[in-house]
Each structure stands twice: as C-alpha cells, then as structure tokens.
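Coordinates in review
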Amino acid sequence: HSVAVLGAPFSKGQKKRGVEHGPKVIRDAGLMERLSNFDFSVHDFGDLNFQHLEEDEPYMDVKFPRTVGAANKKLSAAVRNAVSAGHTLLMLGGDHSLAVGSVSGHAQHSPDLCLIWVDAHADINTPMTSPSGNLHGQPVAFMLKELQDKMPDIPGFSWTKPFLSSRDLVYIGLRDVDPGEYQFLKSFGIQYFTMRDIDRLGIQRVMEVTFDHLLARKQRPIHLSFDIDAFDPSLAPATGTPVNGGLTYREGIYIAEEIHNTGTDHYSYGFHFLWSFLDFLKVFDCLAFESNLSSSWCAGLLSVMDMVEVNPDLGASPEAVEATATLAVDVIASSLGQTREGAHTSMDEIP
Ligand code: DIR
Ligand code: MN
Ligand code: MN
Ligand code: MN
C-alpha cells in the first residue's frame, strides 16, 4: 500500500493572501518524516502549478470564477490519476474551494465514495446565497445532485457535474452556518453535527452515528475533507476564518483515528447488516492483519484526505503558525494510522 502527497498552493477561493503557502508549512512541520514512520510507502507528487487568469471578471458576486474553475479542473485530473494508480491520496491546500477538484477527481474513480466534511463552516453556499462571494464557502454546492437546479452555470466550471447525494455526506464541527446553508442542510436532510451536538453526544457517539449513516449498508471509500478551522482558534490560529468554540485537540485526533479504524475490527458498524461477499473478504483481510499484531498496516476505508486552510500569513507569530501546521500533521498522521496506544509491533520484533 502507498500514500501519495500532493500540494495544491492555491488561494483564489477567498480573499486573504497566504493560504497558498499551506503545503510548504505543513511539509516544514515534518510531514514526510512523520509519514516515513509507517509501513506504507510514500510518494511525494510535489505541488501543482496553478495559473492566475488575467481576464476573470466576477460572476454575480463570485470572485475569480475561471481561475478557481481551472485550478480545480487540474486538481481533479491529478487526484483521479493518483487514486486510479492505487494510492491513498493526501491533498494539501490551499483554500477549501479545492475540494471541488479533489472530491470530483476521487469520485471519477470511486463513484460510490462518501464524504466526511470536518469544518466550522458548511461550505454549501450557492452564488445566490453566498454572503461573501468566496468560492471556498461554496464547494459542496458544486457536488450535490440535489442542488443541481439551484446552481447557475458559473464560468470555469463547465467541466464538472454534480455527482454526490446529500445522504452520502456528513458534517462535523459546524458552528458558523449561513441562512441559505441552513435551509439546504434541513431540506435535504443532511446528517450534520454542530459543536453543540458534539457537546451533547460526545465525539465517540458522533463518530458512531457518522459511520452508521455512511457505512452500515456498504463498505466504501471515504473522502475526508478537513478544514483546519474546525479546530478551536486557540489550537489553529493561522487560518482565514477562525470561529470560537471549535474542536479540542483530542476531539480532532479522535475523529482522525476513527476514520483510520474503519474497515477493521476496531469498529463494528457493518455487522448490523449483511455485507456483500467481496466487501467482507476485503475487511477480513484487515482483521487478520490486526489480530496477528503484525506490523502490517491496514488502510481502512480512507481513500482521499484534504487538509486545507492553513494560512501562515495569518499567524500572530512564527510559533502560532508552527502550532497550526503541526496540528495539521498530527491529524494527518492519526488518519493514516498513528495511535495513542502505541505501534502495532509484533512480539518477535521486541529485543
Ligand atoms: C462563509 C464563510 N460561510 C462564506 N465560509 C468559510 O463565505 O460562505 N468557509 N470560511 O471555510
Ligand atoms: Mn471549509
Ligand atoms: Mn471553514
Ligand atoms: Mn490500524
């Protein structure tokens, strides 16, 4: 098994400069070194090169539509290729408008994927409901079939068509939802967990319901789109739109660990239902690895992960930037199998 890393230094989905340096600061926080501790091989695909288009008039209130559309078209092809080649892909943003390319590219290879969106924001505005005109607040609207007739033809986006059902999406961490977004969440019956829901239920129950909702009928690839602003600003200050009252360190790490644990015996959601025979064999493979206590790494169902909105220009100090980037690396490592209980080492490797 292998993990591919792809940087997407892009910032035109919002107005603050600096988020294009996200891939660099996340790498500088020791990403590749951390990934080298695992059993899988790591391929660094470097950073994509994005053009800034000169002629790019706003569409309605939407800023840089052609520039954002072209960047996402390029990212979409790169993600499709990496996933088709068998890699688990880690996409480093950049702002969250990149999810249009990342999730659509993933869906071209895996049409049955499900999407877990960890964010303070729902990012489901259309150009008509957006209070800001920023495309990083709108990526989910490009994906959902249910929003098809509410989305106008935005220049730069003719290459992508809606591909996701609202039942295949779960939000975690919401606490700043615009009026139009709230209407969409409610009218499509989207499963979401606000910070208040996390206060009430606890993060363990939130993850249990998330997987019951997405995976109980069928094991399938997970796309995790992680906006660093899901965390409390005290932990992740270097980001464009911080909102008080976010995830604790432990809640964020728990989300990541549980996503890694999908498809293994750590979690038993699927046993309520009959898996298809092939799905069962795939999971049985993982069970065997884990119960041997062998160091064989089990991928779980995570197939693509976005880590977005780390903006080093917005930290009050170098320490604040480093803390934010290190937090991003910690979430990535936990999503890929780092555990708090220690490594899965076999007895005969111990001296
Ligand atoms: C707001 C902010 N809902 C908007 N969105 C952000 O501009 O649509 N998303 N910051 O991450
Ligand atoms: Mn976001
Ligand atoms: Mn956000
Ligand atoms: Mn594991």
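On a predicted model such as this, the values are computed, not experimentally measured, just so you know. (Residues numbered from 1 in each chain as written. Chains lettered and ligands numbered in written order. Predicted model: local features only at pLDDT ≥ 70, side-chain atom pairs only at ≥ 80, totals over all residues. Heavy atoms only, no water.)

1. Quick look at the pattern of salt bridges
Rule in force here: Think of a salt bridge as a Lys or Arg side-chain nitrogen and an Asp or Glu carboxyl oxygen that are within 4 Å of each other. Counting from the N terminus, the helices are DSSP H or I runs at least four residues long and the strands are E runs at least two residues long. In this scheme, a residue with accessible area under 20% of its type's maximum is buried, one over 50% is exposed, and one in between is partly exposed, where area comes from a 1.4 Å probe on protein chains only.
In total, this model carries 12 salt bridges according to the counting rule given. The closest approach of N and O atoms between R17 and E20, which form a salt bridge, is 2.9 Å. For the salt bridge of R200 with D197, the shortest nitrogen-to-oxygen distance reads 3.5 Å. One end of the pair is R200 and the other is D197, both in helix 7 (residues 195–201) and three residues apart, which spans about a single turn. Under the relative-accessibility criterion, D197 is labelled buried at 15%. Residues joined by salt bridges that share partners form a network here, namely R27, D44 and D47.

2. Notes on the packing of aromatic side chains
Note the cut-off: Any two rings among Phe, Tyr and Trp, with Trp reduced to its six-membered ring, count as a pair given centres within 6.5 Å; such a pair is stacked if its planes are under 30 degrees apart, edge-to-face if over 60, and tilted if neither. As a reminder, the over-ring test applies to NZ of lysine and CZ of arginine, requiring each to be within 6 Å of the ring centre and within 35 degrees of the ring normal.
If you walk through the whole model with that rule in mind, you get five aromatic pairs. Here F38 and F40 contribute two aromatic rings whose centre-to-centre distance is 4.9 Å and whose plane-to-plane angle is 15°, an arrangement assigned as stacked. The ring of F64 carries K12 above its face, with NZ or CZ at 4.8 Å from the centroid.

3. Let's talk about the site of ligand 1
Definition in use: Any residue with a heavy atom positioned within 4 Å of a molecule or strand is treated as near that molecule or strand. The term polar contact refers here to a pair of N or O atoms within 3.5 Å; inside protein, the definition further demands a hydrogen-donor-capable atom paired with an acceptor-capable atom, and it admits residues adjacent in sequence only when both atoms are side-chain atoms. In this classification, the charged set is Asp, Glu, Lys and Arg, the nonpolar set is Ala, Val, Leu, Ile, Met, Phe, Trp, Tyr, Cys and Pro, and all remaining amino acids, among them Gly, are polar.
With respect to spatial proximity, the complete set of residues near ligand 1 consists of H121, D123, N125, P131, S132, H136, G137, D178, E181, D227, D229 and T241. At 2.6 Å from a nitrogen atom of ligand 1 is found a side-chain nitrogen or oxygen belonging to D178. Among the residues making up the shell around ligand 1, the classes are represented as one nonpolar, six polar and five charged.

4. So, the nonpolar core
What counts, and what does not: Residues belong to a common nonpolar core when they are buried Ala, Val, Leu, Ile, Met, Phe, Trp, Tyr or Cys residues joined through side-chain atoms within 4.5 Å. Whether two residues touch is decided by their heavy atoms; if any such pair falls within 4.5 Å, the residues are in contact.
Ranked by internal contacts, the top residues of the largest apolar core, which has 53 residues, are I172, M307 and I332. Of the residues forming this core, the biggest block, eight residues, is contributed by helix 11 (residues 318–335). The contact partners of I332, leaving out residues within four places of it in the chain, are I26, L31, L35, L90, L92, M305 and M307. In terms of nonpolar packing, the next biggest core, distinct from the first, is built from 47 residues, A4, L98, L147 and I190 among them.

5. Points about the coordination of the manganese ion (ligand 2)
Convention followed: Because water is not among the atoms used, a metal site may look incomplete, as its donors are only the N, O and S atoms within 2.8 Å, or 3.2 Å for Na, K and Ca.
Ligation of the manganese ion (ligand 2) by protein atoms is provided by H96 (ND1), D119 (OD), D123 (OD) and D227 (OD), these donors lying 2.0 to 2.2 Å from the ion. Sequence spacing of the donor residues for the manganese ion (ligand 2), all on one chain, is H-x22-D-x3-D-x103-D. The distance between the manganese ion (ligand 2) and the manganese ion (ligand 3) is 3.2 Å, with D119 acting as a donor to both metals. Residue H96 is located in the loop between strand 3 (88–93) and helix 4 (99–109), and its partner D227 is located in strand 7 (residues 222–227); the two are separated by 131 residues in the primary sequence. Overall, D227 belongs to the buried group, its relative accessible area being 2%.

6. Here's the deal with the side chain of T67
Secondary-structure assignment places T67 in helix 3 (residues 65–84). At 2.6 Å, the side chain of T67 forms a polar contact with the side chain of D56. What T67 contacts, discounting residues up to four positions off in sequence, is F10, K12, Q51, H52, L53 and D56.

7. Regarding the coordination of the manganese ion (ligand 3)
Threshold: Irregular is the default label, applied whenever a site is not tetrahedral (four donors, all angles between 85 and 135 degrees) and neither square planar nor octahedral (four or six donors, opposite donors over 155 degrees apart, all other angles between 65 and 115).
Of the protein atoms, only D119 (OD), H121 (ND1), D227 (OD), D229 (OD) and D229 (OD) coordinate the manganese ion (ligand 3), at distances of 2.1 to 2.5 Å. Geometry at the manganese ion (ligand 3) is irregular, judged from the six donor atoms that bind it and their angles of 56 to 168° at the metal. Between the donor residues of the manganese ion (ligand 3), the gaps in sequence give the motif D-x1-H-x105-D-x1-D.

8. Looking at the side chain of D168
The residue D168 is located in the loop between helix 5 (139–143) and strand 5 (169–174) in this model. For D168, the side chain forms a polar contact with the side chain of R220, separated by 2.9 Å. In this structure, D168 is in contact with L113, C114, L115, L214 and R220, ignoring residues within four places of it in sequence.

Function-wise, these values are silent; they only describe arrangement.
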